[in-house]
Amino acid sequence: MWVWKLRCFFFFQAEDGIRDRSPSRGLGDVYKRQDYATALDIDNWTGTTGLNISGTSDLAPLDQQAAMLNELFPDAKNVGLLYCSAEPNSKYQATTVKGSLEELGYTCKEYTFADSNDIASVTTTAAGENDVLYVPTDNTAASNAEIINNICLPAKVPVIAGEEGICSGCGVATLSIDYYDIGYKAGEMGAEILIDGKDVKEMPIEFAPEVTKKYNKANCEALGITVPDDYVVIEE
């Protein structure tokens, strides 16, 4: 009798510290999380972990996030990347988006806050030195989105956000994914391991098959921003 062992987990930034690189003793582990390279401390990321781990990511494509900023603000010159230095996922996103934006001709600078105590002062500096800000998926920023909004909106500095929740609080636009889609994909990957005999170590991390451009109507109106027709308003 076969005994199949496949563990399926749903991980976010707060759980980074409870995982390690040791392989499971079963067929493998399938995760749903954001940034595998950061969580597993993998350099020269190629899309597969090389370990008994694979899964799906809820990270919206970072190059497309940079392209969104360029679509909405083609005439901007300086872009500030605002995030918490204590969150490795945020650092990864900001660094990657920065590279894409620099390829598009923007001058970029990172602005980091250690925790909620200095977010107001750092945001004030960033808003004063840039035409647009980018805030990645970041737990501290999400918890303090109102503070960011209360600084950036009066300063007339728009924020492109890494996810819908932050965009609702302080942003003008974001790329949104459907969590059902990536959960379904994780299930399909599990079936490929159990039924088709695929080697989990060779299975690339999968992403959401589709993303939706969304915008914060109130902030866009306050800043006089008109988004293209393919953007969907974030429901309040």
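Analysis parameters
Residues numbered from 1 in each chain as written. Predicted model: local features only at pLDDT ≥ 70, side-chain atom pairs only at ≥ 80, totals over all residues. Heavy atoms only, no water. Helix = DSSP H or I, 4+ residues; strand = E, 2+ residues; numbered from the N terminus. Buried < 20%, exposed > 50% of the residue type's maximum accessible area, 1.4 Å probe, protein only. Contact = heavy atoms within 4.5 Å. Areas by Shrake-Rupley, 256 points an atom, 1.4 Å probe, with all protein chains shown as cover. Pairing = 2+ DSSP bridges. Right-handed = clockwise from strand over helix to strand, strands pointing away. Salt bridge = Lys/Arg side-chain N within 4 Å of Asp/Glu carboxyl O. Axes fitted to C-alpha atoms, helices over the stretch in contact; angles between N-to-C directions. Polar contact = N/O pair within 3.5 Å; in protein donor to acceptor, adjacent residues only side chain to side chain. pLDDT = per-residue confidence, 0-100. Core = buried A, V, L, I, M, F, W, Y, C linked by side-chain atoms within 4.5 Å.

*Asks:* Give me the overall build of the protein chain: which residues, what numbers.
*Replies:* The helix and strand tally for the protein chain stands at nine helices and eleven strands. A buried classification covers 47% of the 236 residues belonging to the protein chain. For the protein chain, restricting intrachain contacts to residue pairs at least 6 apart in sequence, the fraction spanning at least 24 positions comes to 69%. For the protein chain, the accessible surface area stands at approximately 11,700 Å², while carbon and sulfur atoms represent 50% of it.

*Asks:* Help me get a handle on the pairing of strand 5 (residues 107–113), residues and values and all.
*Replies:* With seven bridges joining them, strand 4 (residues 78–84) and strand 5 adopt parallel strand pairing. By the bridge assignment for strand 5, L81 is matched with E110. In the classification by handedness, the crossover that spans strand 4, the intervening helix 3 (residues 88–103) and the parallel strand 5 is right-handed.

*Asks:* With reference to specific residues and values, describe the pattern of salt bridges.
*Replies:* Within the structure shown, the criterion is met by eight salt bridges. K214 is paired through a salt bridge with E164; the nearest N and O atoms lie 3.2 Å apart. Taken together, the residues K214 in strand 10 (residues 212–215) and E164 in helix 7 (residues 164–170) connect sequence positions 50 residues apart. Two residues, K201 and D199, come together in a salt bridge whose shortest N-O distance is 3.4 Å. Judged by its relative accessible area of 31%, D199 is partly exposed.

*Asks:* Tell me what's going on with the sheet that holds strand 4, and back it up with residues and numbers.
*Replies:* Each strand in a sheet pairs with its neighbour through backbone hydrogen bonds, running either in the same direction (parallel) or in the opposite one (antiparallel). The mixed open sheet is built from seven strands, whose spatial order is 5-4-6-7-8-10-11. Each having just a single partner strand, strand 5 and strand 11 (232–233) make up the two edges of the open sheet. Helix 3 rests against strand 4, strand 5 and strand 6 (132–135) of the sheet, and its axis sits at about 170° to strand 4. Lying on the sheet, helix 4 (residues 119–129) is in contact with strand 4, strand 5 and strand 6; it crosses strand 5 at an angle near 170°.

*Asks:* Give a description of the side chain of D138 that names residues and reports values.
*Replies:* In this structure, D138 sits in the loop between strand 6 and helix 5 (139–143). Side-chain polar atoms of D138 contact the backbone nitrogen of C84, separated by 2.8 Å. In this structure the side chain of D138 is engaged in a polar contact, spanning 2.7 Å, whose partner is the backbone nitrogen of A141.

*Asks:* Please give an account of the confidence of the model for the protein chain that cites residues and values.
*Replies:* On average, residues of the protein chain score 82 in pLDDT, and 80% of them are at 70 or above. In the model, residues 11–40 has pLDDT below 50 throughout and makes 103 contacts with residues more than four positions away in sequence or in other chains.

*Asks:* Which residues make up the side chain of S176, and what values do they have?
*Replies:* Note that S176 resides in strand 8 (residues 173–176). When near neighbours in sequence (up to four residues on either side) are disregarded, S176 contacts E164, E210, V211, T212 and K214.

*Asks:* How would you explain the nonpolar core if you had to name every residue and give the values?
*Replies:* Counting 32 residues, the largest nonpolar core has L69, L72, F73, L101, I160 and V172 as its most contacted members. Elements supplying a minimum of two residues to this core: helix 2 (62–72), strand 4, helix 3, strand 6, strand 8 and helix 9 (217–223). Per-element accounting of this core gives the leading share, five residues, to helix 2. Those residues within four positions of I160 in sequence are excluded, and the remaining contacts are Q65, M68, L69, L72, F73, V132, L133, Y134, V135, V172 and A173. The next biggest cluster of nonpolar side chains, apart from the first, holds 22 residues, and it includes C84, L133, A141 and V159.

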